[in-house]
Amino acid sequence: MGSLLSWGKGRVSRWGEFAVEGFIRIAGGSAIFLVALIFFFLLREGTPAFWEVSFSNLVSTRWYPTFGFYGILPLLYGSLLVTTGAILLSVPLGLATAIYMREVAPSWVREILKPLIEVIAGIPSVVLGFLGMVAIAPLVRRWLDLPTGLTAFAGSIMLAYMALPTIVSIAEDAIDAVPKAYRDGALALGATHWQTIYRVVLPAARPGILTAVMLGLGRAIGETMAVMMVTGNAARIGREWAALFRPVRTMTATIAAEMGEVAQGSVHYHVLFAVGIVLFLVTFAINGVAATIALRGQPHRGGQLMR
Amino acid sequence: MSPHTGQRIVFGLLALAAAAVVLPLLLVVGYIVWQGLGAISWEFLSAMPRNGMREGGILPAMVGTVLLTFGTAIAAIPLAIGAAIYLAEYARDNWVTRFIRLCIINLAGIPSITYGLFGLGLFVLFLKLGTSLIAGSLTLGLMTLPVVISTAEEAILAVPQSFRVVSISLGGTKWQTIRHQVLPQALPGILTGIILGLERAAGETAPILFTVAAFYLPQIPRSPLDQTMALPYHLYVISTQVPGMPLTIQHGTAVVLLFFVLSMNLTATLVRSRARRRRPW
Amino acid sequence: MLPQVLEGPQPRFQVRNVTFRYDGREALSHVTLDIPVRGIFVLFGPAQAGKSTLLRLLNRLNDLVEGTEMEGQVLLDGEDIYAPGCDVIALRRRVGMVFALPVALPGTIRENLTYGPRLSGTHDPGELEQRIWESLERAALWDEVKDRLDEPAAELSGGQQQRLCLARVLAMRSEVILLDNPTSGLDPLSTAKVEESLRQLKRDHTIVMVPHSVQQAVRIADWAAFLLDGRLIETDVAQEVFSRPQDRRTSDYITGRFG
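Computed from a predicted structure; not experimentally measured. (Residues numbered from 1 in each chain as written. Chains lettered and ligands numbered in written order. Predicted model: local features only at pLDDT ≥ 70, side-chain atom pairs only at ≥ 80, totals over all residues.)

S.K.: Please provide a residue-by-residue account of the overall build of chain C, values included.
M.R.: Secondary structure summary: chain C contains 10 helices and 10 strands in total. The C-alpha radius of gyration of chain C comes to 18 Å, within 12% of the 18 Å expected for a compact globule of 259 residues. Taken over the C-alpha atoms alone, chain C extends approximately 50 × 45 × 35 Å along its principal axes. Within chain C, counting contacts between residues at least 6 apart in sequence, those at least 24 apart form 70% of the total. (Helix = DSSP H or I, 4+ residues; strand = E, 2+ residues; numbered from the N terminus. Rg over C-alpha atoms; globule rule 2.2 N^0.38 Å. Contact = placed C-beta atoms within 7 Å.)

S.K.: Go over the overall build of chain B with me, naming the residues and quoting the values.
M.R.: Helix and strand counts for chain B come out as 11 helices and two strands. Put simply, chain B runs from its N terminus to its C terminus through helices and strands in the order α-α-β-β-α-α-α-α-α-α-α-α-α. Counting only C-alpha atoms, chain B reaches 70 × 70 × 35 Å along its principal axes. For chain B, the share of sequence-separated contacts (at least 6 apart) that also reach a separation of at least 24 residues comes to 78%.

S.K.: A description of the nonpolar core should follow, citing residues and the corresponding values.
M.R.: The biggest cluster of nonpolar side chains holds 267 residues, and the ones touching the most others in it are Met 158 of chain A together with Val 42 and Ala 224 of chain C. With 17 residues, helix α7 (residues 152–176) of chain A is the largest single contributor of residues to this core. Apart from residues no more than four positions distant in its own chain, Ala 224 of chain C is found in contact with Val 42, Phe 44, Ala 217, Thr 235, Asp 236, Ala 238, Val 241 and Phe 242 of chain C. (Core = buried A, V, L, I, M, F, W, Y, C linked by C-beta atoms within 7 Å. Buried ≥ 20, exposed ≤ 12 C-beta atoms within 10 Å, placed from the backbone.)

S.K.: Please provide a residue-by-residue account of the sheet that holds strand β8 (residues 206–210) of chain C, values included.
M.R.: All names here are of chain C. What the six strands build is an open sheet, ordered β6-β7-β8-β3-β9-β10; its pairing is mixed. Edge strands, defined here as strands with exactly one partner in the open sheet, are β6 (95–98) and β10 (231–237). Across the sheet, the mean angle separating the axes of adjacent strands is 15° when strand polarity is ignored. (Pairing = 2+ DSSP bridges. Axes fitted to C-alpha atoms, helices over the stretch in contact; angles between N-to-C directions.)

S.K.: Requested: an account of helix α4 (residues 95–109) of chain B, with residues and values cited.
M.R.: The end-to-end C-alpha distance of α4 of chain B is 21 Å, a good match for the 21 Å that 15 residues give at a rise of 1.5 Å each. Taken as a whole, α4 of chain B has its buried residues at Ile 100, Arg 101, Cys 103, Ile 104, Ile 105, Asn 106, Leu 107 and Gly 109 of chain B. (Expected span 1.5 Å × (residues − 1).)

S.K.: Give a description of the interface of chain B and chain A that names residues and reports values.
M.R.: With 77 residues of chain B in contact, the opposing surface of chain A contributes 74 residues. Here the side of chain B that touches chain A gets 16 residues from one element, more than from any other, and that element is helix α1 (residues 3–36) of chain B. Split into classes, the residues belonging to the side of chain B that touches chain A amount to 52 nonpolar, 17 polar and eight charged. (Nonpolar A, V, L, I, M, F, W, Y, C, P; charged D, E, K, R; others polar.)

S.K.: Describe the packing of helix α5 (residues 112–126) of chain B against helix α6 (residues 133–157) of chain B, listing the residues and the values that go with them.
M.R.: Residue and element names in this part refer to chain B. The N-to-C vectors of α5 and α6 enclose an angle of 135°; their axes lie 9 Å apart at closest approach. Here α6 runs oblique to α5, going by the angle between their axes. Between α5 and α6 the crossing geometry is right-handed. Judged by residue contacts, Ser 112, Tyr 115, Gly 116, Gly 119, Phe 123 and Val 124 of α5 engage Ala 135, Leu 138, Thr 139, Leu 142 and Met 143 from α6. Among the residues making up the contact of α5 with α6, the classes are represented as seven nonpolar, four polar and no charged. (Parallel < 35°, antiparallel > 145°, perpendicular 65-115°, else oblique. Left-handed = near helix turned anticlockwise from the far one by under 90°.)

S.K.: Let's hear about the sheet that holds strand β2 (residues 25–35) of chain C: which residues, and what values?
M.R.: All names here are of chain C. Pairing is antiparallel in the open sheet, where four strands are placed in the order β2-β1-β4-β5. Pairing within the sheet leaves two strands with one partner each, and these edge strands are β2 and β5 (79–80). Where strand β1 (residues 13–22) lies against strand β4 (residues 68–76), eight bridges are found, and the strand directions are antiparallel. For Phe 20, the partnering residue across the bridge sits in β4 and is Met 70.

S.K.: So, the pairing of strand β9 (residues 223–228) of chain C: which residues are in play, and what are the values?
M.R.: All names here are of chain C. Along β9, five of the six residues are buried, which leaves the element largely enclosed by surrounding structure. Direction of pairing for strand β3 (residues 39–44) relative to β9: parallel, over a ladder of four bridges. Counterpart to Phe 44 in the pairing with β9 is Phe 226. The pairing of β9 with β10 spans six bridges and is antiparallel. In the sheet register, Leu 228 faces β10, and the bridge partner there is Arg 231. The turn joining β9 and β10, which pair antiparallel and follow one another in sequence, is formed by two residues; a positive phi near 50° is taken by Asp 229.

S.K.: With reference to specific residues and values, describe the environment of Ala 98 of chain A.
M.R.: Residues and elements named next belong to chain A. Looking at the secondary structure, you find Ala 98 in helix α4 (residues 73–104). Here the alpha-carbon distance between Ala 98 and Gly 71, two residues 27 residues apart in the chain, equals 40 Å. Dropping the residues within four chain positions of it, Ala 98 is found in contact with Val 168, Ala 171, Glu 172 and Ile 175.

S.K.: With reference to specific residues and values, describe α6 of chain B.
M.R.: Residues and elements named next belong to chain B. Helix length check: α6, at 25 residues, gives a terminal C-alpha distance of 34 Å against a target of 36 Å (1.5 Å per residue), a fit within 8%. At Thr 144, α6 shows its largest bend, some 40°, and a proline, Pro 146, comes one to four positions later. A large share of α6 lies buried, amounting to 23 of its 25 residues. (Bend = angle between axes of the 7 residues up to and from the residue.)

Right under this line is the structure:
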């Protein structure tokens, strides 16, 4: 047997292995590179808007690009209105469903519900938009006696369905992760099942539930097709509650609807990218918060062969 | 009211909530299927659209979606699996790794329309690929990355340490161990993640709006630089942009898209449960 | 007590003043010890004494753990295996290990046995078949599995799996066999079979073992070393250590005063 200090045969394959490991390391770092790349490109195409269009124009309340009005506020307003409505619908429903599935439902019910939620998660947003358009909006119009069903409210409903699966599954995981010892302790002290849930399990699962809500929120704000086909696309700001029941337009829908028609390099083009920047920053912030909550206290598991 | 009665009321409300989530959707989906089934015929599935898409079939859209799904797979899978292997087997517990994870979570949270914008800016315009299959695939691939990375990493971490240790002690290198022990055993989990990621890519409209989708292109694409129709975009277009479009065709297209996407969902579920049963640990 | 450093033919392993830490905590402290080329060398002592740590130094399996520090030298046939230019892969091919719990790799018995040789570049089917027969024969497993080579290894009993793990190491034609508490999960019959195999194998191999109990050590050891709290207390020919221990602590442990 040869000396251990020599370079034995098989070194050639070591070079191949070296190349593979190099690729793996590059792949690992690519996530950072890609986020930076995306942000860079958005900036590249969007910042010209900030000197092509006056600041007062950008923060005005009129979005009529064909006449040179590039007020982003109505779009921001539309996004916020629809998203708020979606959150108000999906968080209570989603949480309740998660609690029901994890704590209350008999296992046969859970076996049916879980795949169903996954199926809902898989429905493409365009199909939900279509559903909203042909089924929900007419209902909204008839029940609430409105001139049109294509309103922020209808958008909120469809958005809620887009966000629900995310909220339900993450909240469910969070509830599931609460140690059995906590529950057993409370029950041993004489608490009912619901009291245990309300006072022990939910507070313990709070970080995970918060993560679920934030990720659902992020999904809702970023959604395009489901809102575009259902909210009526009128870039207006309303100051009363009734605004919920009139058409609005979101940032996402604006980009989707108008980008196809603009000339590359035109002012309109740059402003749309600027709207994209705003959208990117908003979702970045929301997901950053969610990530911090989620990653806090979670040790990195990989990279070690033995503990 | 005793706590027990209160509990029963609350639990009833919770059940109601769960029903409110699931039932309306089932009803509405059922409505679409019922309306759309009538439109589905062999001609519908195999012919080109005619008369401004008001008649004929949706073949080019179906083919386009299939091709885009393949393209997404090619664009996303190698990089995603590489990144997953890195995180699970090579990365150390330091701030760089944490930052990478943060970036992956952020990539997952970027709206699909933003990916569309980026795809337009980089692939279509800057790299001059034009609206093409390749631009669309790259854009969709990028969007699919975070999902596949996360599930693949989970699958790799789930492989017990003991196999790795045995392989190393027999004189295996790190990569040999990953290649011969870890990856084969993590494969079903990785596959599930890939299928779920591709399922999402197949159903997305916003990323393909400006990068590949064609409004009315009654032909099968012949090269990666061609534009193509695609099912999600097609559904959007025929339900909002074409006056006089028969409702049954709209419903039928929705049904086909749903079927495509949900069958991928089902495949992923089957792969997952079959793998769980045959696990060697 | 034999001097810790032997004279005569070069020992297989020479451990020189080794101190080993996990995350700052000392697991081995200034250990110096020689392991002869032939025979069964047993490292015994109470829990947390550093036995497994020392064992894993011999094939550098501790490299896999983060946050460790190592001082001192470990020489295999005169060469420092912790020297910067050392080929760890080649080391592990020469120094094989059997772990406390049997780990059958997924796949057939044949695949388990040929995995290691194939990793090191042996692909000739004739050669592989030869190794399969040889290793199973010497692990006393051939008769039991010769008709089942292409069946899943996971279907073997615990004792058979552990002998398969031993056969896996033998298939590598390793000169040294390290065993970390190999019979802890086995019934007495399987334990006896493993011990009998080791008695046969010691004629051509260096065997270093952490035993399950002092009784096992007494049964099969040719050489023994007693470790306590990371320190080597004494080492000698097994008979001397067990019947005439030099150190009070050694005799206390052997007689069961503490454990």
